[in-house]
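# Analysis of the macromolecular model
Spelled out, the chains give:
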Amino acid sequence: MNFEIARKRMVESQIIARGVSDRRVIEAMLKVPRHVFVEEAMAAQAYSDTPLPIGEKQTISQPYMVALMTELLELKGKEKVLEIGTGSGYQAAILAVMADRVYTVERIRPLALRARKALDSLGLLNVNIKMSDGTVGWEDEAPFDAIIVTAGAPDIPQQYIDQLKPGGRLVIPVGTQFEQVLVRVVKQEDGSVEREDITGCRFVKLVGKFGWSSDD
Ligand code: SAH
C-alpha cells in the first residue's frame, strides 16, 4: 500500500470535497502520516473515512472531523494551542505543523506514552504532553490562542474560557454521552463569549472533574 497516495486521496475525497478550504489545514493533512498514529495491524485503514480504535476503549477521530475542528481554530502559524485528549497524538501532530507550540493533555498513561513516541519519530518536538485530568485545562501555560477538546463534554468547563486569550477560539463537542454538537466559542476582546453550533458529532467521553464522572 502506498500511504502517500492513500493520504492524497483522503484529502481530496474526504476533506476538500466536503468543504474544508483552509490551505494550511489541507497542507498539514497531506503532510502528517496518519498511519504512524494507529496500530500496525490497522495501518492499511488509516486513511479511511472513519474513526479507528487506538486501544484503552478510545478512538482516533475521523479525518474529516480533525480537519473541520482544526479549520475552526483559524491557525496562522504563531499560536500557542492547547489540546485536551491526546489519544493517538494525530491531532496534536496536525496542530504542531500549523502552530508554534502545542500543549496536550491525556488522562490514560499508555496512550500518552505511545503518542509521545509517534510524535518524536516524526521530529515534532514542539508538542508538550501532560498526563492528567484535562478538564481543568493547563493553568501554568495559559493563556492560549486556541483550545481544542477532542472528547465529548456535558458542558463547557469555565476553565477553558478563562485560559483563552481575548480573540481566542475554543472548539469542543458538547452534549450527552452518546451524541454531541460541535461548538465553537470565540472569546471577545471584552472577555464576553460568542457561541456558534457547527454540526452534530460523536466523541468518546471527556472524563474528569469538570466532565463526566467515569468511563463505564
Ligand atoms: N485527539 C485524539 C483523539 C482522542 S479520543 C487523536 O488525535 O487521536 C479522546 C481522548 O481523550 C482519549 O484518549 C481519552 O482518554 C482522552 N480524555 C478523556 N477525558 C480526558 C480528560 N479529562 N483529560 C485528558 N484526556 C482525556
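Let us look at the structure shown here. (Residues numbered from 1 in each chain as written. Predicted model: local features only at pLDDT ≥ 70, side-chain atom pairs only at ≥ 80, totals over all residues. Heavy atoms only, no water.)

### Details of the pairing of strand β9 (residues 193-201)
Inclusion rule: Any two strands are treated as partners once DSSP identifies two or more bridges connecting them. Helix and strand labels come from DSSP, where a helix needs a run of H or I of at least four residues and a strand needs a run of E of at least two; each type is numbered from the N terminus.
Pairing geometry for strand β8 (residues 180-187) and β9, over 8 bridges, is antiparallel. From the neighbouring strand, Val-186 faces β9, where its bridge partner is Glu-194. Joining the antiparallel neighbours β8 and β9 is a turn of 5 residues, in which Gly-191 adopts a positive phi near 90 degrees.

### Things to note about the site of the ligand
Our working rule: What makes a residue near a molecule or strand is one non-hydrogen atom of that residue sitting within 4 Å of it. Polar contacts, as used here, are pairs of N or O atoms within 3.5 Å; protein pairs need one atom able to donate a hydrogen and one able to accept it. Residues neighboring in sequence count only if both atoms are side-chain atoms. Cavity and pocket criteria rest on a 1 Å grid covering protein atoms alone: a 1.4 Å probe that fits but cannot get out defines a cavity, protein on both sides within 12 Å along at least 5 of 7 lines defines an open pocket, and an atom within 4 Å of a point defines a lining residue. In this description, a molecule resides in a pocket or cavity if more than half of its atoms sit within 2 Å of the grid points defining it.
The ligand sits among 26 residues. The nearest are Ser-88, Glu-106, Asp-133, Gly-134 and Val-207. Within the side chain of Ser-88, an N or O atom sits 2.6 Å from an oxygen atom of the ligand. Glu-106 places a polar side-chain atom, nitrogen or oxygen, 2.6 Å from an oxygen atom of the ligand. In this structure the site holding the ligand corresponds to the largest pocket. Residue contributions to the shell around the ligand peak at 3 residues, all from strand β2 (residues 58-60).

### With respect to helix α1 (residues 3-16)
Selection rule: Expected span of a helix, by definition, is 1.5 Å for each gap between consecutive residues, and there is one gap fewer than residues. Each residue's exposure class comes from its accessible area (1.4 Å probe, protein chains only) as a fraction of the maximum for that residue type: buried when under 20%, exposed when over 50%, partly exposed otherwise. In what follows, a contact means two residues having at least one pair of non-hydrogen atoms within 4.5 Å.
The end-to-end C-alpha separation of α1 is 18 Å, in line with the 20 Å expected for 14 residues at 1.5 Å each. Among the residues of α1, those classed as buried are Ala-6, Arg-7, Met-10, Val-11, Gln-14 and Ile-15. Residues of α1 that are buried make contact with α2 (23-31), α3 (63-72) and α4 (90-98). The backbone nitrogen of Glu-4 lies 2.9 Å from a side-chain oxygen of the residue at the head of α1, namely Asn-2.

### Some thoughts on the packing of α1 against α2
Using the following cut-off: In this analysis an axis means a line fitted to C-alpha atoms, helices contributing only their contacting stretch, and an angle means the value between N-to-C directions, from 0 to 180 degrees. It is the rotation of the near helix from the far one that decides the hand of a crossing: anticlockwise by less than a right angle makes it left-handed, clockwise makes it right-handed. The classification used treats Ala, Val, Leu, Ile, Met, Phe, Trp, Tyr, Cys and Pro as nonpolar, Asp, Glu, Lys and Arg as charged, and all other residues, Gly among them, as polar.
Where α1 contacts α2, the axes come no closer than 9 Å and their chain directions differ by 145 degrees. By crossing handedness, the relation of α1 to α2 is classed as right-handed. Facing Arg-7, Lys-8, Met-10, Val-11, Ile-15 and Ile-16 of α1, the residues of α2 in contact are Ile-26, Met-29, Leu-30 and Lys-31. For the contact of α1 with α2, the residue count by class is 7 nonpolar, no polar and 3 charged.

### Observations regarding the pairing of strand β7 (residues 164-175)
Alignment of strand β6 (residues 144-149) against β7, held across 4 bridges, turns out to be parallel. Residue pairing for β7: Phe-144 is matched across the bridge by Leu-164. Note: β7 against β8, 7 bridges, orientation antiparallel. When the bridges of β8 are listed, Val-174 appears paired with Val-181. Adjacent in sequence and paired antiparallel, β7 and β8 are bridged by 4 residues.

### Focus: the nonpolar core
For soluble globular proteins, the rule of thumb is that nonpolar side chains tend to be buried together. Note the threshold: Throughout this description, the term nonpolar core refers to a set of buried Ala, Val, Leu, Ile, Met, Phe, Trp, Tyr and Cys residues connected via side-chain atoms within 4.5 Å.
By size, the foremost hydrophobic cluster in this structure holds 49 residues, and its most contacted members are Met-29, Phe-37, Leu-75, Tyr-90, Ile-94 and Leu-182. For this core, the elements supplying multiple residues, two or more each, are α1, α2, β1 (52-55), α3, α4, α5 (109-121) and β6. Not counting residues within four places of it along the chain, the set of residues in contact with Phe-37 comprises Val-32, Ile-54, Ile-60, Ser-88, Gly-89, Tyr-90, Ala-93, Ala-118, Leu-119 and Leu-122. Formed by 19 residues, the second largest nonpolar core is a distinct cluster that contains Trp-138, Ala-153, Ile-172 and Val-174.

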